Amino acid sequence: MSLIRSQTAVLLFSLPAALDAVRKGLTGKWAARNRTLWETMHQLTRAKITAAGLDCVSSVEVVSNPDYTTSFGTQLQVAVAATFAQGYRRIIVVGNDCPDLRVCDLRAAADALGQGHLPVGYDKRGGVFLFGVDQRFCSAESDKAAQVFKGLPWQSSQLGTALTSYLNQAFGTVVCLSAVRADWNERADLQAGDWLRGAFAGLAHQVWMLVTATQNGDTTVRFTRQSFFGRAVSLRAPPVAA
């Protein structure tokens, strides 16, 4: 492992599975299965981070006594600061809701950080699926820049533009990844009819296959087409490694 990558962590920022299911509207009769699916998605993301040769830091584990009543931006800022406190010099932030994330995205982000640039990866909604910061972010924590970061339009279609502008103004070294990825933010992203019935088992199984394949270095496993109550919906994911 290179020195740059050994000093770079991927912050897997997420809520506990039960709270994440509530935020995404995945509650009710199938709540337990929803949590299982999201936990599996979490493991898939961790497997890709490991395959990229990077350390994974979970926000759920690194933040002591997290306050989930504060704003998303505040929770994220606290998690980033806690990760820097672990001794890392560069941090790539991702969530557990982007099965489209590729190992090559993580490697490209790490390489950009190693060259002094801050990477941003846009999602198809205008938000981001990935961004990176280095220790310059620490010097901004106690001043106005930290407040601006917390107040960005997180979880909205304006985030990509706003975050890029913020990083450019605060640091001036942003590089955007060439790929635009899709993420799963809510129930509607996963359903065609009531997907939580018979379709759930097949979907969860395919996500777990990706976890296992990534851990084993397999670059060919993909989601296959899955029929949801008569509607064929493609859930194909990209290769899990590159």
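Before reading further, recall that the structure is shown in the block above.
Residues numbered from 1 in each chain as written. Predicted model: local features only at pLDDT ≥ 70, side-chain atom pairs only at ≥ 80, totals over all residues. Heavy atoms only, no water.

### Examining helix 9 (residues 159–170)
The end-to-end C-alpha distance of helix 9, which contains 12 residues, comes to 16 Å, matching closely the 16 Å that a straight helix rising 1.5 Å per residue would cover. Among the residues of helix 9, Leu-159, Gly-160, Ala-162, Leu-163, Thr-164, Tyr-166 and Leu-167 are the ones counted as buried. (Helix = DSSP H or I, 4+ residues; strand = E, 2+ residues; numbered from the N terminus. Expected span 1.5 Å × (residues − 1). Buried < 20%, exposed > 50% of the residue type's maximum accessible area, 1.4 Å probe, protein only.)

### What to know about unusual backbone geometry
In terms of backbone geometry, most residues other than glycine have negative phi values and most peptide bonds are trans. Phi at Asn-65 is positive, roughly 50 degrees, even though this residue is not glycine. A relative accessible area of 75% places Asn-65 in the exposed class. Residue Gln-155 is not a glycine yet carries a positive backbone phi of 60 degrees. Within the secondary structure, Gln-155 is located in the loop between helix 8 (144–150) and helix 9. What makes Gln-155 partly exposed here is its relative accessible area of 48%.

### Here's the deal with the sheet that holds strand 1 (residues 8–12)
The strand order across the open sheet formed by six strands is 2-1-3-5-4-6, and the pairing between neighbours is mixed. Edge positions in the sheet fall to strand 2 (55–58) and strand 6 (174–176), since each of these pairs with one other strand and no more. With direction set aside, neighbouring strand axes in the sheet form an average angle of 25 degrees. Sheet analysis places strand 3 (residues 90–94) next to strand 5 (residues 128–134), joined by five bridges and oriented antiparallel. When the sheet's bridge partners are listed, Val-93 is paired in strand 5 with Phe-131. Together, strand 1, strand 2, strand 3 and strand 5 form the strand contacts of helix 5 (residues 72–84), whose direction differs from that of strand 3 by roughly 145 degrees. (Pairing = 2+ DSSP bridges. Axes fitted to C-alpha atoms, helices over the stretch in contact; angles between N-to-C directions. Contact = heavy atoms within 4.5 Å.)

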